[in-house]
Each structure stands twice: as structure tokens, then as C-alpha cells.
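Examination of the molecular architecture
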Amino acid sequence: MPLAVEFDKVDFAYERGPTVLRDVDLEVAEGEFLAIAGPNGGGKTTLLRIALGLERPTSGRALLFGEPADRFSDRPRLGYLAQRAQLGVQAPATIREVVAAGRSPLNPFGRLNAADREAIDEAIERVGLSALAKRPVRSLSGGQQQRAFIAKALVAGPKLLALDEPTAGVDVEAQEALADLLARLHRELGVTVLFVSHEFGAIEHVVQRLVLVRETIVFDGSPAKLPGLWHDPSHAHV
């Protein structure tokens, strides 16, 4: 099966800083749903940024759909939901305006055509926010805001959807709902999903595979095989 992401002996350290990642080998098949977890400072966000070509390995090789990740040629087809603290929203931007901004890389002249408008409406509908499309994003709950940003990441028809700590700052019920939404989107669209979080309890029942990162990969397999002491008791699934 073709690979979406491939790491070969990847090391990474920020300039004049300590080692963040060491000797990381990783393969993610196209269409896979992968959770990347680990403690704060363990390197999981850095791993995601290298996978997306936003950072370059200090040594080793990182490929994205067979190309060097930092020189990937089809970047508009990468849907990236950064950590909430990095998501700027101009007040009083509505859901529709935020999602429309995700379409702009495919439309450099800035004018939305019929296909653009249809894609925007479809993305908003997929995340269940059609009835709120004209609401300012800042007036929404944390879970609804994350759905709006997922719609923005989806609107360009991505080959890969990458989410960095999407459940941070939302309650358990909203985390569960977000996990179910991502599982449905993965099933319907067949898109490769990389989900990064230190709170992986909400997602472990829907992902195919879980990778734990503590400078290097310390676990890679089915969440069902994860040692019990690492499971999150706040999320109980039978």
C-alpha cells in the first residue's frame, strides 16, 4: 500500500537546544487513521510538523507521499488544524468566512466561484454546523470552534488531515463527539488522518493505530494492546 508518511532514522533538535526526537522510524499508509500521543515535551507536535514539512530533520529522511516533506509539491491538499492557541480568528468572522479562507489556496484570484461555494457548504454540513454558518466563530463553544476549523481544513479536499491537540480545552463529551466526527469523516472520505494529543482516551476507540512518542517511539500498535496503566480512565468504552 502506498505510504502517506515515511520517517527513516529521523533525529531533530532545535538550534542550540536539546534533542527532541531521536532515531524515529515510522510508516503511515495512505488512508490510515493514526493517533500520535505522549507527554508534553515528548516530541509529538515536532513529529507532526516534520511530517508536514514545517520542520526539517537534523538527520534522517522524512517523506510525504513519496516526496521530501519540506518540498512537498501539493501543499494545498494538506489540511492542518494547529493548536488552538495558534488559530487566529478575526472578529467577527463567521463560520462560513473562516471555512472560505481554507479554499483560498486553490483560488489565488480571491473570487469564489460556484464550485468553491458548494465545497464550503459541503464542508460545513459535514461537521454539522450548517444551521450556525452565519454565527461568529468566537461566539461558539470550544467543541463547535474545533468543528469549524476542521471544516476549514476539509474544504480544499485534502489528501491528509493533521490535527494537533484538537481536544485541548474541551470537555469529555465534546471530545467524544469530535472523535466520532473524525471517525465518520475518515470512513466517508478515505483521507489519511494524523491526530496528535496527550489526551488520547477519547480517540483510542476509533483509531486503527496508536503511536506513543517520548523522544523516540515507545509504542506502535493497536490501542487494544496498550498497557492498561496508560489508558485514560475518564473515557470508558466497552
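**Here's the deal with the pairing of strand β1 (residues 3-13)**
Across a regular strand the side chains alternate sides, sitting on one face of the sheet and then on the other. Bridge count for β1 against strand β2 (residues 19-29) is seven bridges, and the pairing is antiparallel. For Phe-12, the partnering residue across the bridge sits in β2 and is Leu-21. Inspection of the sheet shows β1 paired to strand β4 (residues 59-64) by five bridges, in the antiparallel sense. When the sheet's bridge partners are listed, Asp-8 is paired in β4 with Arg-61.

**Details of helix α4 (residues 142-154)**
Helix length check: α4 (13 residues) gives 19 Å between terminal C-alpha atoms against 18 Å at 1.5 Å per residue, within 8%. What α4 keeps buried is the set Gly-143, Gln-145, Gln-146, Arg-147, Ala-148, Phe-149, Ile-150, Ala-151, Ala-153 and Leu-154.

**Thoughts on the pattern of salt bridges**
Counting across every chain of the model gives 15 salt bridges. Between Glu-188 and Arg-184 there is a salt bridge whose closest N-O contact spans 3.4 Å. Of the two residues, Glu-188 and Arg-184 are both situated in helix α5 (residues 172-189); the distance of four residues between them amounts to about one turn of the helix. A residue is classified by how much of its surface remains accessible, and Arg-184, at 26% relative accessible area, is partly exposed.

**Focus: the sheet that holds β1**
Strand pairing in a sheet is mediated by backbone hydrogen bonds. Such pairs are either parallel or antiparallel. On the basis of which strands lie adjacent, the open sheet formed by four strands has the order β2-β1-β4-β5 and antiparallel pairing. Every other strand in the sheet has two partners, leaving β2 and β5 (67-68) as the edge strands with one partner each.

**Some remarks on unusual backbone geometry**
Despite not being glycine, Glu-165 has its phi angle at roughly 55°, a positive value. Along the chain, Glu-165 turns up in the loop between β7 (160-164) and α5. Residue Glu-165 is classed as buried on the basis of its relative accessible area of 7%. Non-glycine residue Glu-215 carries a positive phi angle of around 75°. Following the sequence through the fold, Glu-215 ends up in the loop between β9 (209-214) and β10 (216-221). For Glu-215, a relative accessible area of 29% corresponds to the partly exposed category.

Criteria and thresholds
Residues numbered from 1 in each chain as written. Predicted model: local features only at pLDDT ≥ 70, side-chain atom pairs only at ≥ 80, totals over all residues. Heavy atoms only, no water. Pairing = 2+ DSSP bridges. Helix = DSSP H or I, 4+ residues; strand = E, 2+ residues; numbered from the N terminus. Expected span 1.5 Å × (residues − 1). Buried < 20%, exposed > 50% of the residue type's maximum accessible area, 1.4 Å probe, protein only. Salt bridge = Lys/Arg side-chain N within 4 Å of Asp/Glu carboxyl O.

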